[in-house]
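# A closer look at the structure
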Amino acid sequence: MASLMRETHPLTLKVMRLSRPALADTRQFPLDSTTTAMAQALQEAEQNRPTQSGQVFSDLCLPSDVRPLDGFPLSEALVLPRAFGTMYLGETFTAHLCLCNESSLVVRDIRMHAAMQTATQKLPLFDNSSTSNNNNNNSNSTKGAGQQEEALKQLQAGQPFNLQVMHEIKELGVHILGCTISYLSAQGERRTLQKSFKFQVSNPLVVKTKVNHLENDVLLEIQVHNATQNNMALERLRFEAASPFDAEDLNTVNGNVPVWSGSLGFMQPGDVRQYLYRLRPQLPTGHITVEQERAIKYASALGRLDIVWRSAFGSVGRLQTSQLLRKSPGMFLIEVEDALVHGKEKSIVSLEEPFVVRVRVRNVSEQSMAVSAVLQTQKHPMVISCGAAQRSLGTIAVGETKEMSIGYVSLASGVQRIGAMVLSDSLSGYTRDVGHLLDILVAS
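Summarised in this report is the structure supplied together with it. (Residues numbered from 1 in each chain as written. Predicted model: local features only at pLDDT ≥ 70, side-chain atom pairs only at ≥ 80, totals over all residues. Heavy atoms only, no water.)

## What to know about the pattern of salt bridges
Short version of the rule: Any Lys or Arg side-chain nitrogen located within 4 Å of an Asp or Glu carboxyl oxygen qualifies as a salt bridge. Labels follow the DSSP assignment, with helices taken as runs of H or I lasting at least four residues and strands as runs of E lasting at least two, numbered in each case from the N terminus. Partly exposed residues are those whose accessible area sits between 20% and 50% of the maximum for their type, while under 20% is buried and over 50% is exposed, using a 1.4 Å probe and protein chains only.
Applying the stated criterion to the full structure yields 17 salt bridges. In this structure, the salt-bridge partner of Arg 280 is Glu 248, at a minimum N-O distance of 2.3 Å. In this pair, Arg 280 is assigned in strand 20 (residues 272–281) and Glu 248 in strand 16 (residues 245–249), connecting sequence segments 32 residues apart. When its relative accessible area of 31% is taken as the criterion, Glu 248 is described as partly exposed. In this structure, the salt-bridge partner of Lys 379 is Asp 433, at a minimum N-O distance of 3.4 Å. A residue pair is termed long-range when its members are at least 10 positions apart, and Lys 379 in the loop between strand 27 (369–375) and strand 28 (383–386) and Asp 433 in strand 33 (residues 431–434) qualify at 54 residues. One network of salt bridges, with partners in common, ties together Arg 236, Arg 238, Glu 240, Asp 306 and Arg 318.

## Some points on the sheet that holds strand 24 (residues 334–341)
Quick reminder of the rule: Paired strands are those between which DSSP finds at least two bridges. Throughout, an axis means a line fitted to C-alpha atoms (over the contacting stretch in the case of helices), and angles, computed between N-to-C directions, take values from 0 to 180 degrees.
Here 4 strands make up an open sheet; going across it, the order is 24-26-30-28 and the pairing antiparallel. Bordering the open sheet on either side are strand 24 and strand 28, each of which pairs with just one other strand. On average, each strand axis in the sheet is inclined to that of its neighbour by 35°, with strand direction left out of account. For strand 28 and strand 30 (residues 401–410), the ladder comprises 4 bridges, and the chain directions are antiparallel. Across the sheet, Val 383 pairs through a bridge with Ser 410, a residue of strand 30.

## Here's the deal with unusual backbone geometry
Looking along the chain, the bond that leaves Ser 243 and enters Pro 244 is cis, with omega of 10°. Relative to the assigned elements, Pro 244 resides in the loop between strand 15 (232–241) and strand 16. In this structure, Ser 347 is a non-glycine residue whose phi angle is positive, near 55°. We note that Glu 352 has phi near 60°; this positive angle belongs to a residue other than glycine. Counting through the fold element by element, Glu 352 comes out in the loop between strand 25 (348–350) and strand 26 (355–363).

## Some remarks on the side chain of Ser 365
Quick reminder of the rule: Throughout this description, a polar contact denotes any pair of N or O atoms lying within 3.5 Å of each other; where both atoms belong to protein, one of them has to be capable of donating a hydrogen while the other can accept it, and for residues adjacent in sequence the pair is counted only when both atoms sit in side chains. By the convention used here, residues are in contact when the closest approach between their heavy atoms is within 4.5 Å.
Along the chain, Ser 365 falls in the loop between strand 26 and strand 27. Ser 365 gets classed as buried once you look at its relative accessible area, which sits at 7%. A polar contact is formed between the side chain of Ser 365 and the side chain of Asn 363, at a distance of 2.6 Å. When sequence neighbours within four positions are dropped, the list of residues in contact with Ser 365 reads Val 290, Arg 294, Leu 333 and Val 398.

What follows is the structure, given as structure tokens:
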């Protein structure tokens with residue numbers, strides 16, 4: 001933090017960030033105090049000049065004199081942070097402001113204004129210049145604002161005024177805590193003291209996504225990386241799906257126990273966790289229209305991830321990501337809805353025995369289409385088609401589905417691919433190359 005004002009004033013303002021303490025190191029050495037000369041020297045040093053933890057070595061190896069916490073690397077003593085530290089997105093910034101009158105005269109009519117300025121907005125934290133306090137934002141607050149405003153009207157010689165302000169960090173980048181104090185000097189002159197304190201806000205978690213499409217469903221893989229220098233324990237991990245999807249949490253074991261709960265929720269600095277969600281479109285009951293299907297296919301927003309964690313001494317952090325996006329898979333103007341082997345439930349056929357495949361074709365464009373299909377059996381020579389290579393489905397209206405039947409004969413056993421064809425519209429000239437319709441198992 002750096003001050004931007006160096007003019008001499010009877011009032012001084014000091015700002016300290018309120019952070020949670022840490023456990024002190026014990027700095028113990030497990031030595032046998034009865035055999036080594038170093039242990040005897042350390043004993044004398046402990047008696048003459050004890051450390052903060054009360055001892056410089058332990059008698060862990062001596063069964064006759066065992067101390068309970070000798071083997072623990074941390075003591076019960078607490079140590080305050082020596083520096084400002086790092087602020088992370090989702091944490092709450094708490095600061096203690098001390099305004100002190102260091103002159104020998106009374107300073108009257110003191111007006112103080114404190115605000116947090118970011119790259120996009122300026123949020124008030126404390127203001128006693130008017131009758132009403134501007135602390136209505138839930139993320140910003142001041143403890144005992146009403147009583148403190150009355151106490152700040154004047155300060156006697158040597159009298160301090162203490163104030164605590166809080167602000168929930170919701171933006172990355174530079175934050176500036178600005179304080180403006182105006183007062184009447186002993187000569188009745190209105191003077192102004194301005195100070196600002198700047199700090200940087202970093203991202204605590206790095207969230208990456210990977211999207212896989214399974215027909216109309218979406219498999220969303222989320223990777224969470226702990227980018228802080230501290231350990232954290234996940235307390236809540238919830239995905240809020242965007243319209244038109246419903247999210248299914250696949251991160252549970254033994255019923256409804258989340259995989260990130262308990263010991264699996266602890267993340268050390270640099271740790272990466274992966275979580276999986278399945279998004280299903282909100283399909284209406286009955287027939288789905290072309291517009292509804294198009295809205296599902298072209299929806300790019302998948303939802304938001306809400307994460308709540310705790311770090312040292314139970315300090316809470318919360319991060320809600322922006323909308324997680326995907327690259328839309330799009331849709332063909334001629335959709336192949338279904339392809340099944342007629343009379344076979346599991347697509348199992350016999351070698352050199354004819355079978356029939358029923359194919360359902362749907363027009364999802366914005367106008368009627370005259371659709372024809374040209375079979376390309378040369379792409380799958382182990383399964384040949386029976387009948388004409390070119391089939392006409394006639395005119396298909398918008399949203400209408402038509403079915404055609406194609407006969408095949410398999411010439412080789414094993415798993416085979418069938419159904420390579422080219423679908424075309426003679427009215428608009430649109431064509432679609434279908435690589436294959438389905439896989440079949442040919443039994444010899």
